[in-house]
Amino acid sequence: MGKSTLLRSLSGVQPVLDGEISILNTSLKDLSPETLAQTISVVLTEQPISKNLSVTELIALGRQPYTNWIGTLSKLDKEKISEAITLVNLELLKGKRCFELSDGQLQKVLIARALAQDTPLIILDEPTTHLDMYHQAYVLKLLKKLTTETNKSILFATHEINLALQLCDKLIVMTKDFVHIGTPTELINKNVLSSIFPSDLIYFDNASVSFKIKT
Amino acid sequence: MPTAKNYKALLVILVFVMIFMALLNVSLGSVKIPFKDIFNILFQQSETNESWQYIILEYRLPKVFTAILTGSGLAVSGLLMQTLFRNPLAGPYVLGLSSGASLGVALVIMGATFFGGTAAAILVSKWSLVIASSLGSLLVLLAVLMASAKLRDTMAILIIGLMFASLTAAVVSVLAYFSPAAQLQQYIFWSFGSLGNLSWQEVAILSCFWFLGILIAISCIKNLNTLLLGEQYARSLGVKISRNRFLIIIATSLLAGSITAFAGPIAFVGLAVPHLIRQVIPTNDHRTLIPSVILGGAILMLACDIAAQMPGSEYTLPINAITSLIGAPVVIWLLIRKQKFIF
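Residues numbered from 1 in each chain as written. Chains lettered and ligands numbered in written order. Predicted model: local features only at pLDDT ≥ 70, side-chain atom pairs only at ≥ 80, totals over all residues. Heavy atoms only, no water.

**Student:** Please provide a residue-by-residue account of the overall build of chain A, values included.
**Tutor:** Looking only at helices and strands, chain A has eight helices and nine strands in total. Expected size for 215 residues packed as a compact globule is a radius of gyration near 17 Å; at 19 Å, chain A falls within 12% of this value. Principal-axis analysis of the C-alpha atoms places the extent of chain A at approximately 60 × 40 × 30 Å. Out of the 215 residues belonging to chain A, those deemed buried represent 48%. A separation threshold of at least 6 residues defines the contact pool for chain A, and within that pool the share at least 24 residues apart is 58%. Total accessible area on chain A is roughly 11,300 Å²; 54% of this is exposed by carbon and sulfur atoms. Here chain A carries 22 positive and 23 negative side-chain charges, and the mean point of each set is 3 Å from the other. (Helix = DSSP H or I, 4+ residues; strand = E, 2+ residues; numbered from the N terminus. Rg over C-alpha atoms; globule rule 2.2 N^0.38 Å. Buried < 20%, exposed > 50% of the residue type's maximum accessible area, 1.4 Å probe, protein only. Contact = heavy atoms within 4.5 Å. Areas by Shrake-Rupley, 256 points an atom, 1.4 Å probe, with all protein chains shown as cover. Lys, Arg positive; Asp, Glu negative; His and termini not counted. Charge placed at Lys NZ, Arg CZ, Asp CG, Glu CD.)

Written out as structure tokens, the structure is:
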């Protein structure tokens with residue numbers, strides 16, 4: 001319910017419908033496009049990305065907010081790029097072109113690009129769609145690892161509540177009628193999760209902290 | 001991007017190919033002039049045959065410059081449009097510029113008969129065609145800019161450009177239907193395009209527009225590279241999308257509009273050269289792409305002009321036919337050879 005709208009508003013890609021958004025005590029609309037690009041990076045799916053770009057080229061584009069008028073990469077830029085490549089484990093893929101990659105690999109490359117942008121906040125819109133269960137877990141674990149290793153905040157939208165419950169520090173649950181924010185335990189204790197879906201098919205099992213199909 | 005260095009050598013080769021083609025172009029034509037005399041005339045070494053001197057300095061040399069300016073200008077505007085719209089089928093004329101120019105010229109040539117004989121004589125001169133063509137392009141450009149200021153979606157501009165093309169084509173065909181054969185022929189000859197009719201003064205004016213357009217294109221290089229990720233990513237990387245779009249449209253219009261005004265609507269070069277160059281220099285970096293399409297466009301145009309003169313004969317074929325006749329099979333061959341086309 002309105003996940004994408006929320007994320008797009010938060011990341012400044014879309015004008016806000018109502019209210020005010022601020023980051024690091026500054027209102028989003030007071031930030032210049034350049035500063036905003038150095039504060040929030042995004043990972044979006046299904047964009048018309050040129051598949052001819054090599055992995056390194058794509059990640060290098062994450063440095064655009066820092067480069068000069070023609071986009072020359074400085075020594076620091078190159079360091080940040082190789083740092084991002086190492087963090088996401090892309091050494092073996094960095095010479096490949098995007099059309100040679102699987103969906104999961106491309107997702108990793110896009111995450112590395114956001115890392116290279118070196119922002120305190122990374123916003124991802126459904127980073128796990130089109131991925132199989134293994135790669136969903138892989139991407140989300142990667143995100144978890146990045147929060148601890150790079151000290152960045154990561155906010156993402158997902159339908160994979162079971163996975164999110166296991167990995168996230170805080171969740172925002174959005175339904176048509178209500179919005180709840182809290183840690184997984186808080187949400188479970190408040191019985192928020194069991195009221196998300198109509199109860200005729202699935203139910204929330206507190207013991208295993210996951211949704212189960214009614215038998 | 002790490003591979004940029006390897007392409008420098010290729011660029012240097014392209015520069016030499018272009019110079020060679022330019023010299024070849026000057027030396028070929030319906031009048032045979034020995035190479036030694038051409039050299040003497042070009043570098044004003046010694047007195048030579050006066051009519052040869054005239055042919056070289058007042059006809060062939062301006063034509064070479066026109067070929068270089070039109071080829072490179074169209075190629076750059078084609079590249080700009082392909083990147084802006086993220087569409088391999090885009091070319092310099094997708095905004096409807098050439099349609100606007102055609103309408104302007106058609107109104108002058110074919111509409112002149114409606115204003116009577118004397119008006120027709122005044123109206124149909126070289127300069128009035130240039131002005132009519134520019135005004136036509138400008139009108140379409142203003143309409144596209146107004147639309148682009150209102151629209152958030154870049155793709156819609158592409159469709160609006162196509163609609164303008166259909167509209168103007170319809171008006172032109174109505175005009176053509178009521179026009180006498182002589183006027184019709186004159187209009188059709190204009191639409192064939194021609195490199196050979198430009199005086200030095202006109203070449204100078206054209207090159208001013210060329211420089212301005214290329215300068216704006218160069219100033220957009222960084223944003224063009226960012227646009228390869230799509231507009232949403234570009235916005236998240238700090239690109240001011242509508243301002244950037246405006247600049248790219250202005251650069252394309254300056255280049256394609258002025259070229260159409262002076263040389264007619266030259267087809268194909270703008271669409272094909274960026275693809276040809278990407279086959280030779282497989283890069284996405286506009287820092288390499290822009291100089292290479294400038295050279296590639298100039299080379300292709302010079303080659304087409306040589307072919308159009310049909311060396312050894314007295315006839316000259318329309319340049320517009322040659323660009324497609326040579327260019328289309330080359331692009332088809334390159335794509336078939338590669339089998340996989342990724343844009």
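**Student:** Which residues make up the environment of L6 of chain A, and what values go with them?
**Tutor:** Note on placement: L6 of chain A falls in helix α1 (residues 3-10). Note: C-alpha distance between L6 of chain A and A157 of chain A (151 residues apart in sequence) is 9.5 Å.

**Student:** Give me the lowdown on the packing of aromatic side chains, citing residues and values where you can.
**Tutor:** Scanning the entire structure with this criterion turns up nine aromatic pairs over all chains. When the ring of F197 of chain A is compared with that of F211 of chain A, the centres are 5.4 Å apart and the planes differ by 70°; the resulting orientation is edge-to-face. Placement of F197 of chain A in the loop between α8 (184-189) and β8 (202-205) and of F211 of chain A in strand β9 (residues 210-213) is noted, with a sequence separation of 14 residues between them. Each ring, one from W127 of chain B and one from F262 of chain B, has its centre 6.2 Å from the other, and the planes form 85°; the classification is edge-to-face. Linking W127 of chain B in helix α6 (residues 126-150) with F262 of chain B in helix α12 (residues 241-263), this pair joins segments that are 135 residues apart in sequence. (Phe/Tyr/Trp six-rings, centres within 6.5 Å; stacked < 30°, edge-to-face > 60°.)

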